[in-house]
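Working through the structure, step by step
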Amino acid sequence: MAKTCILEREKKREKTVAKYEAKRARLKKIIGDRNATGDERWDAQLALQRLPRNASPVRLQRRCGVTGRPRGVYRKFGLGRTKLREAAMRGDVPGLVKASW
């Protein structure tokens, strides 16, 4: 199990990303707009840089829903590799079978 403070930090980042999502999208649209003047685009870049670092969705870490493990997490299931294997062995994941040959 991951430390509680690490999990709380990730939750805080998720809230920050959600809070600034619309503002970031608006600024990035201005930056990518070729019809906007150079000054408008420059101001949008500066405004984007002034936003908090944790407002960027790139900084989010995908974690296991059960243990909080940051590595080896399958997007489709939201579980780490070990917990996914345990769930498959119990038969909790429909259609997923342990390979044997």
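Scroll up a little and you will see the structure.
First, a word on scope: everything that follows refers to the structure included in this document.

Cut-offs and rules
Residues numbered from 1 in each chain as written. Predicted model: local features only at pLDDT ≥ 70, side-chain atom pairs only at ≥ 80, totals over all residues. Heavy atoms only, no water. Axes fitted to C-alpha atoms, helices over the stretch in contact; angles between N-to-C directions. Helix = DSSP H or I, 4+ residues; strand = E, 2+ residues; numbered from the N terminus. Left-handed = near helix turned anticlockwise from the far one by under 90°. Contact = heavy atoms within 4.5 Å. Nonpolar A, V, L, I, M, F, W, Y, C, P; charged D, E, K, R; others polar. Buried < 20%, exposed > 50% of the residue type's maximum accessible area, 1.4 Å probe, protein only. Lys, Arg positive; Asp, Glu negative; His and termini not counted. Salt bridge = Lys/Arg side-chain N within 4 Å of Asp/Glu carboxyl O.

**Some points on the packing of helix 1 (residues 4–32) against helix 2 (residues 38–50)**
With their axes 8 Å apart at the nearest point, helix 1 and helix 2 run at an angle of 145° to one another. Two packed elements cross with a definite hand, and for helix 1 against helix 2 that hand is left-handed. Contacts between helix 1 and helix 2 involve Arg 24, Leu 27, Lys 28, Ile 30 and Ile 31 on the former and, on the latter, Glu 40, Arg 41, Ala 44, Gln 45, Ala 47 and Leu 48. Residue composition of the contact of helix 1 with helix 2, grouped by class: 6 nonpolar, 1 polar and 4 charged.

**Things to note about the side chain of Arg 24**
Among the structural elements, Arg 24 can be located in helix 1. For Arg 24, which is buried and forms no salt bridge, the nearest opposite charge comes from Glu 21, at a distance of 8.9 Å. Beyond its immediate sequence surroundings of up to four residues, Arg 24 is in contact with Leu 48, Leu 51, Ala 55, Ser 56 and Pro 57.

Without other data, these values stay purely geometric and don't point to any function.
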